[in-house]
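Architecture at a glance
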Amino acid sequence: MARRVRRSRADNQRWNQMTAALRLMNFAFNNIRLYPPTHSEVVGVLTKLLETLTPILEEQEDLGFGFMDELLYIEGAMSIEETANNQMLVDRFSKCRVKYLTIMKGLTMADLLIFFQILNAEATKPSSDHPAELLDQKGVRTMHIVEAEVDDLASKNKLTRKKTLLDWYEKAVGVLGLVRDEFQGGKQPDLKPLFRLVDDMTATIRSKGYEPFLLLPLLGQGLDPHLAHSVNVAVLSCALGDAHGLNSGQINTVTIMAMLHDLGRLTIPVEWTQDHTPLSLAERKIARDHADWGYLLLTRNEDVSPQVGLLAAYHHDCPPPVEGGYHPDVYHRILALADDYDLSRFSERFYWKKQRRDRMLASLVNARGDRHEAALVKLLVNCVGFYPVGSLVRLDDGRPGIVVRPNPSNPGRPKLFMYEEAPPPPPPEEAVDPEKTAPPQESAALLAAAVDQEAPVIWDLGALAEGGLGYAHGVAAVTTPAPGQDLRSILDRKKEYLLSFAL
């Protein structure tokens, strides 16, 4: 379910307009399937849909529609149950690859007609061409389609491992690695797979939220640290861009920039990330030059805008605006903040000096207004919380917990995974029918999966005490893992629950 937010009277009016547009889109899908394009029913519904969308697009740059759980929804305007009553819509989108749709200013009747025809043809007989590419071939520039990956489709086999955000994370690191290798080999890489992954991430964050993505750096340990760092910065840049109020196109731009900003690190050996000794002067020179190498590599590619190359050259510096010189825009400021937070570096003496996230956050807060804008630092605090995701904390009653969700409305009150607490007892067993008993191997596999995937104990520190005069629990301190304690393995056992959007 999409995120719910408090809305003003003006927002409620716009929400009603968006809901009306959603209902008209349902009619449009049905009418264009039944009637020719010139039929009065088709012309009438498209005219009314355009009239409904026009005042919305006059007030904002774009409008987002999401496709979730094989149903069309509109960012929380209609519940899944309400939308499921439209059986035509369920049948239509159970075969469609569209995950998110952005409608921009300048929309015309011809654009709407082409869009509905492409999606109806896609639902009838899936094409080898992507719907987004078909729209581009038809010259439609006011609508942007984000496609769902085939791997996102849920399997009906109970023994099949469910896909999680960690699979997306590993795929993103792999695709970025292929792009890096092609750049290193002097080739012109195909960036379309990377663009599709970014589209998928930004659509998910805008519609469902960014919170589960913050666990991925901890669960994805062991991947190439240079590539994982770029993906981490892209996730946080997308979240900050959404919180800053950027539109869909701007969020996609800053996310692509974040994915490619550290491409020059291919000149630095990965082994340096495991070496915690101080760098020599020559090694420091190599580390600093990675920004220049990134600029040179990116500006050679025709699919990359010069702006991305400039940002790669200056992403470790936020120089003040100089007449005739480089002027850091909002993309640069957001990416520079996300980059500093994820890399957590205090000194140039060490190439990859990782610090606790809460300490790095405190350092950024204390230096706000100097290197980074105070308003952006405040957005960062709201996004990650005073106790960033993955922090091991001790409660006021002495019990330990791992932060798994921030609380943007109250940064000091996150959600914790109480890994030492016993889960609730299972429901009473029903009588077993011998004829319906599964084979021994399948029963053992199902039992093992059920034991491993028991729902974790999650505490919301924003919950009030029984008397309602205070909070039930609070954080006493942030601690470090005990010798031999691996937080990643603790979280990995419950990753299907911890990475879900329903937590």
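That block above? That's the structure.
Structural notes, computed from the coordinates. (Residues numbered from 1 in each chain as written. Predicted model: local features only at pLDDT ≥ 70, side-chain atom pairs only at ≥ 80, totals over all residues. Heavy atoms only, no water.)

**Here we look at helix α15 (residues 330-343)**
Given a rise of 1.5 Å per residue, 14 residues ought to cover 20 Å, and the 20 Å separating the end C-alpha atoms of α15 matches this to within 8%. Across the 14 residues that make up α15, a large majority, 13, are buried. With a side-chain oxygen lying 3.3 Å from the backbone nitrogen of Y331, the N-terminal cap of α15 falls on D329. (Helix = DSSP H or I, 4+ residues; strand = E, 2+ residues; numbered from the N terminus. Expected span 1.5 Å × (residues − 1). Buried < 20%, exposed > 50% of the residue type's maximum accessible area, 1.4 Å probe, protein only. Polar contact = N/O pair within 3.5 Å; in protein donor to acceptor, adjacent residues only side chain to side chain.)

**Details of the pattern of salt bridges**
In this structure the tally under the stated criterion is 13 salt bridges. For R333, the salt bridge goes to E373, with nearest N and O atoms at 2.3 Å. With a gap of 40 residues between them, R333 in helix α15 and E373 in the loop between α16 (357-366) and α17 (374-384) connect regions that are remote in the sequence. For R357, the salt bridge goes to D342, with nearest N and O atoms at 3.1 Å. Of this pair, R357 sits in helix α16 while D342 sits in helix α15, and the two are 15 residues apart along the sequence. Residue R357 is classed as partly exposed on the basis of its relative accessible area, which comes to 23%. Since its relative accessible area comes to 4%, D342 is described here as buried. Here the salt bridges do not stand alone but share partners, grouping R180, D181 and D224 into one network. (Salt bridge = Lys/Arg side-chain N within 4 Å of Asp/Glu carboxyl O.)

**A word on the environment of L379**
Locating L379 in the fold gives a position in helix α17. Sequence separation between L379 and A243 is 136 residues, and the spatial gap between their C-alpha atoms is 6.9 Å. Among all residues touching L379, those that are not within four sequence positions of it are L240, A243 and H244. (Contact = heavy atoms within 4.5 Å.)

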